[in-house]
Amino acid sequence: VLTKEELSMARQAAMEKSKCMVDSQQDDNVRTDMVTWVGPNNAESDHRLHLPIKLLRGVAVEIEKIYTQDDGGKSSKHTALSLKIPKMCMLSHYENSQFYKKHCDNLYKPFYVFEKNQNDSLWESFFCKALKLVNKIHLGWIRLIAPSTNLWWRREFTAILYLNASSFNHGGELRCYYGEGENLQYEDIQPIGGRLVIFNSRLLPHEVLPATSSRFA
């Protein structure tokens, strides 16, 4: 999603910022990378990172477009989704076998879990809508009482843009898990430069495998 020149400039800026990064302040048995926060308007922002930041912030708009369309591709208020865009983006750096163990970016679990089928009766359909409303109220209450710094309560989607070389092959893969129990499987995504990965923050367990060379995202 970035040209070679844009990617090279962003990576150089990330390398310079790695000198002032701090640890993620989590258990070293869980996460060992270094991070900092960057935004388009903060004092420490680097113009070389403005394009990647702009691209990431635009992801929310594109997701909203998808959710606002019904099966026929037309706009539908019933599927509309409104996302809030964080003011800052996290810039992370992995090296020397640093890692992030299996986790979900949003730990929220719905108050009720339900599945709606096309063959549901009128009563079952009404019941599902009622439970969906309860979930919204429950999540809204949690977001209201949770400290504003606990952004994982609010995160719906995660977007990752890799700033490494296009030929990067030094570990640090994003391992995504799907299925359960005996059917649990995973797929590894190489963190090659310019690759954009988007996933549901609450539904996809994932981890970052140890990186043997500087890995930026």
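Predicted model, so just to flag it, every value in this text is computed and none were measured.

### Description of the packing of aromatic side chains
- Counted by the stated rule, this structure contains 1 aromatic pair.
- When the ring centre of phenylalanine 99 is taken as reference, the NZ or CZ atom of lysine 101 above it lies at 5.2 Å.
- The ring of tyrosine 177 carries the charged tip of lysine 102 above its face, separated from the ring centre by 4.3 Å.

### Here's the deal with the nonpolar core
- Leu2, Ala14, Val38, Leu49, Ile53, Leu91 and Leu163 are the most contacted members of the largest nonpolar core, which totals 14 residues.
- Listed by contribution, the elements that provide at least two residues to this core are helix 1 (4–17) and strand 3 (89–94).
- Looking at this core, the element that brings in the most residues is helix 1, giving 4 residues.
- The contacts of alanine 14, once residues within four sequence positions are left out, are Met21, Leu91, Leu163 and Phe216.

### Some remarks on the environment of aspartate 105
- Relative to the elements of secondary structure, aspartate 105 occurs in the loop between strand 4 (98–103) and helix 3 (122–145).
- Exposure remark for aspartate 105: the relative accessible area of 12% places this residue in the buried category.
- Between the alpha carbons of aspartate 105 and phenylalanine 157 there is a distance of 8.6 Å; along the sequence they are 52 residues apart.

### Remarks on the sheet that holds strand 2 (residues 34–38)
- Reading across from one edge, 1-2-3-10 is the order of the 4 strands in this open sheet, with antiparallel pairing throughout. Looking at strand neighbours, the two that pair on one side only are strand 1 (22–23) and strand 10 (215–216), the edges of this open sheet.
- Bridging between strand 3 and strand 10 involves 2 bridges; their strand directions are antiparallel. Counterpart to histidine 93 in the pairing with strand 10 is phenylalanine 216.

Procedures and definitions
Residues numbered from 1 in each chain as written. Predicted model: local features only at pLDDT ≥ 70, side-chain atom pairs only at ≥ 80, totals over all residues. Heavy atoms only, no water. Phe/Tyr/Trp six-rings, centres within 6.5 Å; stacked < 30°, edge-to-face > 60°. Lys NZ or Arg CZ within 6 Å of the ring centre and 35° of its normal. Core = buried A, V, L, I, M, F, W, Y, C linked by side-chain atoms within 4.5 Å. Buried < 20%, exposed > 50% of the residue type's maximum accessible area, 1.4 Å probe, protein only. Helix = DSSP H or I, 4+ residues; strand = E, 2+ residues; numbered from the N terminus. Contact = heavy atoms within 4.5 Å. Pairing = 2+ DSSP bridges.

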